[in-house]
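# Chains, contacts and geometry: an overview
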Amino acid sequence: MGDLAKQILSRPIQLADQVVKAGDEATINKQECADIKSKTEKLAALLRQAARASSDLYERPTRRILDDTENVLEKALTMVQRCRDDGYIMRLFNIIPAAAFRKMISQLENSVGDVSWLLRVSTPAGNDDDEGFGYLGLPPIAANEPILCLIWEQIAVLMTGSPEDKSDAAASLASLARDNDRYVKLIVEEGGVNPLLKLVKEGKIDGQENAARTIGLLGRDPESVEHMIQLGVCSVLSSILKEGSMKVQAVVAWAVSELVSGNHAKCQELFAQNNVIRLLVSHLAFETVQEHSKYAVVAGRATSMHHAVVMASKISSSKENLPALNEEEDDDNHIGVSSPMTNQMHSIVATTMAMKAVGSGSKSNLSSRFVTGDDDKPPEKIPEKSYSMSSQIKAYGSIAHQSRNASVTRGRELEDPVTKTYMKAMAARALWKLAVGNSSICRVITESRALLCFAVLLDKGDDETKYNTAMAIMEITAVAEENADLRRSAFRRTSPACKAVVDQLFRIVENADAGSDLLIPCVRSIGNLARTFKSAETHMIVPLVKLLDDGEPDLAAEVAIALAKFATEDNFLGKEHSRTIIEAGGSKLLVQLAYFGENGAQIPAMVLLSYVAMNVPDSEQLAKDEVLTVLEWSSKQANVLEDEDMEALLYEAKSRLELYQSRGSRGFHL
């Protein structure tokens, strides 16, 4: 606080001196005034000690304690001044009850305790001072709100404590923030964010973990997120994701996911500006797919995974130009993923890397060596005339950058498997939260190697990683459903990355583990991608139809909603998909859901049945399943009558069916 603290302290010190002087002049109630003087002298000594340590004082409690102390001293001065002998008449009107003196002495003692506590928490090095002003426990000011003083104490330790004490203080604040939303606001209001950010940047590993965890918990409150953004939380967390211990980076990734939860758009954009997406994908790709980058499209390189495959086929006869291809394929065998689909993805990645080597040509001999793995070949000699100082600086900078990257990679490799697994889970979780409703971030994610990583992790990840990955895919596909450009660029059915992801979604849905948390997000993802499937891809619809008979109302509702996206009139293949649904036995299952399903599944089943009836009104199977009767019954239900859109949809479906099916026999007519 410095000069500000001295200004705040000047008035209480002046009042304390006046009380001491007035106590010497008292002629009435001398004993009581002497007691007040004694307490005030002790308080004045503490105030002067605080003035000497003003630069170390913690501002929030300092202001509140000194305001209370100033009020007490003003009352004490008034009381002592009334004890002077100003004549018999004035003495008669200035009678002070003994209880008032006792109350004043008690208030002065409380002020002494408050200021002593302030000195203890603000200057812990001076706790063992010779004057014995240390105050153990919470101060008297904490009587009405002990949690506030506990928060003050922990924040003060974050500012001035030892590394171990700071770590413990951050853990205590995390515990408080986890317990109560009000405590979250108090920690932020009382200035706890800045010391936490400083601890994240400069603390030891334990302290960094605890501080990052606390920041993540504080991020659950939108107002607190806004305050932390102003203090630079995005840049701090980004720097840790770039260079830091993987244990800390995992907690930081979790904190990022908490800060952007609730679709805080400003926070999402700031993290994107600080390259957090690229860093998270890098962590996700480590030991998952081969390291490469697709963030920049350079002339001569494959502009997409599909393009890479085409280029690879064109130059397959020129293997002498691709010395690294076989080496890259050999490296794929060490990733630990044995499925044919995954090996194919890795081969695609290796091909893309080889394309980079060919496309870059002689632009950078150093980068060419890095890509091809030809370490034994010396770099070409650069003519002295063209080797200017600026080029030397750039060369040294490039080498230093690669050296740092190599050092970071080696550090990652030394981490234990549990930490690596947790890092991937948290990176996937952060990407999931960042992708919610943000098309620009989804585009950055899909243009990276993230989709390949998602496909591998859905197959080989642990349960938490699989779930976070499935949720990330669900959010990205939800944005792609509404954004045609993103859908066309990221989810082309000819794209190997897209195919790999869709194959994994299909595998999870086809296996249909009823207790799996992955089913619903995977079903939603397939529904979001409904417009990308061809009419011949009936194998994607059949397992969804089978899930209608699963028995879980929530799952049945999600499946009906997903299938409705295949059958809706907005899908230009809606008629073909509707026929596939009927052939898979969907109409009979939908009739059962419409009649006997719970409210959550009943409405989606009616909607899907209406779309199918509108698309294929001449289906004999619909007549056999008495779909028209079901629609007539549904249109009379109270929950349908309340929804005008639903009522109109049912009316349209009934009208089309009635053109082909008689009301009497419900037979089929040509």
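Throughout, a residue's number is its position along its own chain's written sequence, starting from 1. At least 70 in pLDDT is required for a residue's local features to be given in this predicted model, at least 80 for side-chain atom pairs to be given and counted, and no such filter applies to totals for whole chains, interfaces and linings, which use all residues. The basis for the side-chain values is all heavy atoms of the structure; hydrogens and waters are excluded.

An unreviewed UniProt entry lists the protein under the name Armadillo, with Arabidopsis suecica as the source organism.

### Notes on the packing of aromatic side chains
Two rings from Phe, Tyr or Trp (for Trp, the six-membered ring) form a pair when their centres are within 6.5 Å of each other. A pair whose planes differ by under 30 degrees is stacked, one over 60 is edge-to-face, and the rest are tilted. Counted according to the given criterion, the structure contains 5 aromatic pairs. Pairing W117 with W152 gives two aromatic rings, centres 6.2 Å apart and planes at 40°, and the pair type is tilted. Taken together, the positions of W117 in helix α5 (residues 98-122) and W152 in helix α6 (residues 146-160) put the pair 35 residues apart, joining distant regions of the chain. For the pair W117 and W152, a shared accessibility class is recorded, and that class is buried. A centroid spacing of 5.6 Å and a plane angle of 25° characterise the contact between F533 and F566, whose relative ring orientation is stacked. One end of the pair, F533, is in the loop between α27 (519-528) and α28 (542-547); the other, F566, is in helix α29 (residues 553-567), and 33 residues separate them in sequence. For the residue pair F533 and F566, the accessibility class agrees, reading buried in each case. Put simply, the rings of Y595, F596 and W633 touch in pairs and so form one group of aromatic residues. Geometry around W432 places K433 over its ring, the cationic atom sitting 4.1 Å from the centre. Strands here mean DSSP runs of E at least two residues long; helices mean DSSP runs of H or I at least four residues long; both are numbered from the N terminus. Only protein chains enter the accessibility calculation, which uses a 1.4 Å probe; a residue is then buried when its area is under 20% of its type maximum, exposed when over 50%, and partly exposed in between. Whether a charge sits over a ring depends on NZ of Lys or CZ of Arg being within 6 Å of the ring centre and within 35 degrees of the ring normal.

### Section: a negative patch on the surface
Note that patches include only residues with greater than 30% relative accessible area and no salt bridge, and the join distances are 9 Å for like charges and 5 Å for nonpolar side chains (Val, Leu, Ile, Met, Phe, Trp, Tyr). We get accessible surface area from the Shrake-Rupley algorithm with a probe of 1.4 Å; when it comes to residues, only the shown protein chains can shield them. For this analysis, a salt bridge means a side-chain nitrogen from Lys or Arg found within 4 Å of a carboxyl oxygen belonging to Asp or Glu. Charge counting treats Lys and Arg as positive and Asp and Glu as negative, with His and both chain ends excluded. Charge positions are represented by NZ for Lys, CZ for Arg, CG for Asp and CD for Glu. Together, E642, D643, E644, D645 and E647 give the surface a local cluster of negative charge. By the secondary structure assignment, E642 is in the loop between α35 (638-641) and α36 (644-658).

### Considering helix α14 (residues 265-273)
C267, Q268 and F271 are the residues of α14 that are buried. Down the axis of α14, the smallest arc covering the buried residues is 105°, so these residues share one side. In what follows, a contact means two residues having at least one pair of non-hydrogen atoms within 4.5 Å. Close packing links the buried residues of α14 with α11 (222-230), α12 (233-242), α13 (246-260), α15 (276-285), α21 (417-435) and α22 (439-447). In the segment just after α14, N275 is the residue with positive phi, at about 60°. It is the directions from the helix axis to the C-beta atoms that the arc portrays.

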